[in-house]
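These are the residues of each chain, in order.
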Amino acid sequence: MVLLRFAPSPTGPLHLGGLRMALYNHLYAKKHGGRWILRIEDTDATRYVPGSVDGIRRALEWAGLEYDFGPGKKGPHAPYFQSERLDLYKTYANKLLDTGHAYRCFCSMDRLSQVREKLARTGSNATYDRHCLHLTEEEVARRVKAGEKSVVRLNGTQLPSRPTGTDLIFGHLKDAHASLATDPILLKSDLFPTYHLASVVDDHEMGISHVLRGEEWLPSLPLHLDLYAALKIPPPQFAHLPILLNADGSKMSKRNGDVQVDDYIVRRSLYLLMISLFTGYE
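This structure is a prediction, so every number in the text was calculated from the model and none was measured.

Asker: Could you clarify how one ought to interpret the overall build of the protein in this entry?
Answerer: Across its full length, the protein holds nine helices and nine strands. Over its C-alpha atoms the protein spans a radius of gyration of 20 Å, differing by no more than 12% from the 19 Å that the globule rule assigns to 282 residues. When the backbone C-alpha atoms are referred to their principal axes, the protein occupies close to 65 × 45 × 40 Å. Sequence separation of 24 or more characterises 78% of the internal contacts of the protein that already satisfy a separation of 6 or more. A total accessible area of about 15,200 Å² is found for the protein, and carbon and sulfur atoms account for 53% of it.

Asker: Whenever I open this one, the packing of aromatic side chains confuses me. Can you help?
Answerer: Each pair of aromatic rings is reported with the distance of its centres and the angle of its planes. For the structure shown, the criterion picks out two aromatic pairs. With a centroid separation of 6.1 Å and 75° between ring planes, the pair formed by Trp36 and Tyr67 is classed as edge-to-face. Highlighted residues: Trp36 in strand β2 (residues 35-38) and Tyr67 in the loop between α2 (52-62) and α3 (86-98), separated in sequence by 31 residues. Centre to centre, the rings of Tyr195 and Trp217 are 4.1 Å apart; their planes meet at 25°, and the pair counts as stacked. Here the residue Tyr195 occupies a position in helix α6 (residues 195-205), and Trp217 occupies one in the loop between β8 (210-214) and α7 (221-231), the gap between them amounting to 22 residues. Residue classification places Tyr195 among the buried positions, given a relative accessible area of 18%. Here the basic side chain of Lys73 rests over the ring of Tyr67, its NZ or CZ set 4.9 Å away from the ring centre. Over the ring of Tyr92 we find Lys95; its NZ or CZ atom is 4.4 Å from the centre of that ring.

Asker: So what exactly am I meant to see when it comes to the sheet that holds strand β4 (residues 151-154) here?
Answerer: Strand-to-strand pairing in sheets goes through backbone hydrogen bonds, with the strands running parallel or antiparallel. Taken in spatial order, the three strands of this open sheet run β3-β4-β7, and their pairing is antiparallel. Two strands close off the open sheet at either side, each with one partner strand: β3 (102-105) and β7 (185-187). On average, adjacent strands in this sheet sit at an angle of 45° to one another, irrespective of strand direction. Here β3 runs beside β4; their pairing, made up of four bridges, is antiparallel. Within β4, the position partnered with Arg104 by the bridge is Val152. Lying on the sheet, α3 is in contact with β3, β4 and β7; it crosses β3 at an angle near 105°.

Asker: Mind showing me how you'd approach the packing of α3 against α6 here?
Answerer: To characterise two packed helices, one gives the angle between the axes of the helices and the distance between these axes. Viewed as axis vectors pointing N to C, α3 and α6 meet at an angle of 105°, and their least axial separation amounts to 10 Å. The orientation of α3 relative to α6 falls into the category roughly perpendicular. Together, Leu88, Tyr89, Tyr92, Ala93 and Leu96 of α3 and Leu197, Ala198, Val201, Asp202, His204 and Glu205 of α6 make up the contact between the two elements. Looking at the contact of α3 with α6, its residues break down into eight nonpolar, one polar and two charged.

Asker: Looking at this model, I keep getting lost on the environment of Thr136. Mind explaining?
Answerer: Looking at the element boundaries, Thr136 is found in the loop between α4 (109-121) and α5 (137-145). Here Glu139 takes part through its backbone nitrogen, which lies 3.1 Å from a polar atom of the side chain of Thr136.

Reading the values: rules and limits
Residues numbered from 1 in each chain as written. Predicted model: local features only at pLDDT ≥ 70, side-chain atom pairs only at ≥ 80, totals over all residues. Heavy atoms only, no water. Helix = DSSP H or I, 4+ residues; strand = E, 2+ residues; numbered from the N terminus. Rg over C-alpha atoms; globule rule 2.2 N^0.38 Å. Contact = heavy atoms within 4.5 Å. Areas by Shrake-Rupley, 256 points an atom, 1.4 Å probe, with all protein chains shown as cover. Phe/Tyr/Trp six-rings, centres within 6.5 Å; stacked < 30°, edge-to-face > 60°. Buried < 20%, exposed > 50% of the residue type's maximum accessible area, 1.4 Å probe, protein only. Lys NZ or Arg CZ within 6 Å of the ring centre and 35° of its normal. Pairing = 2+ DSSP bridges. Axes fitted to C-alpha atoms, helices over the stretch in contact; angles between N-to-C directions. Parallel < 35°, antiparallel > 145°, perpendicular 65-115°, else oblique. Nonpolar A, V, L, I, M, F, W, Y, C, P; charged D, E, K, R; others polar. Polar contact = N/O pair within 3.5 Å; in protein donor to acceptor, adjacent residues only side chain to side chain.

Any functional reading would require information that these geometric values do not contain.
This is the structure we're talking about:
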């Protein structure tokens, strides 16, 4: 079955870029006889804005974009809030640790900052020196037992072989690992996942067949494909859509101009705006 997901973060009102992405998910699902999920990516508590989820649902309802599964609706993929799925992410992180595709890092923020500055001075593109990769199993176990906080990093020295990435819009993609952080963090010290781990786990567990998202995530695709390969699970098909731009060619930002859906709901001109933005007709 064709199954897609729209996965906004509850960091404020839904903006036009988010509504456009929800529209594409809705249309693609309807065209292929599929369904789509509203999934709330609320793993960053520092950016959470109360009332955001209700605002997102209200905006989607006003625009006539009815999701099939998600908050307020029963379904086989619940829960639909990532903050309620933490045990699942921990389980997958442990799988990566057990297979050597990930390792625990105990480095402090101060040390990490010093390492980044030192690497930058030498002209290196690396962002971490893999200090904790070389800890023995006994040392790791001792520090975990002692209650030391740690994060889980992807082991970039043990990446599995996999096919090159393919995008439904951009076609075959070149390897872009050089643009990624060294051994990206997958699970933070508070046991909340980063976007990379959470999105891969949830898309697999929910049976997502197609991922439609903005092209700003294109540089992260190699990392996500590495995670699918390391976990030995099949990836969905990806389509990275061009972002909305202002008239001057700059990126449309919620901080500049009227780009919040609520603004257009108040003005009752959203449908005319959507026709102009998405078809090019005035």
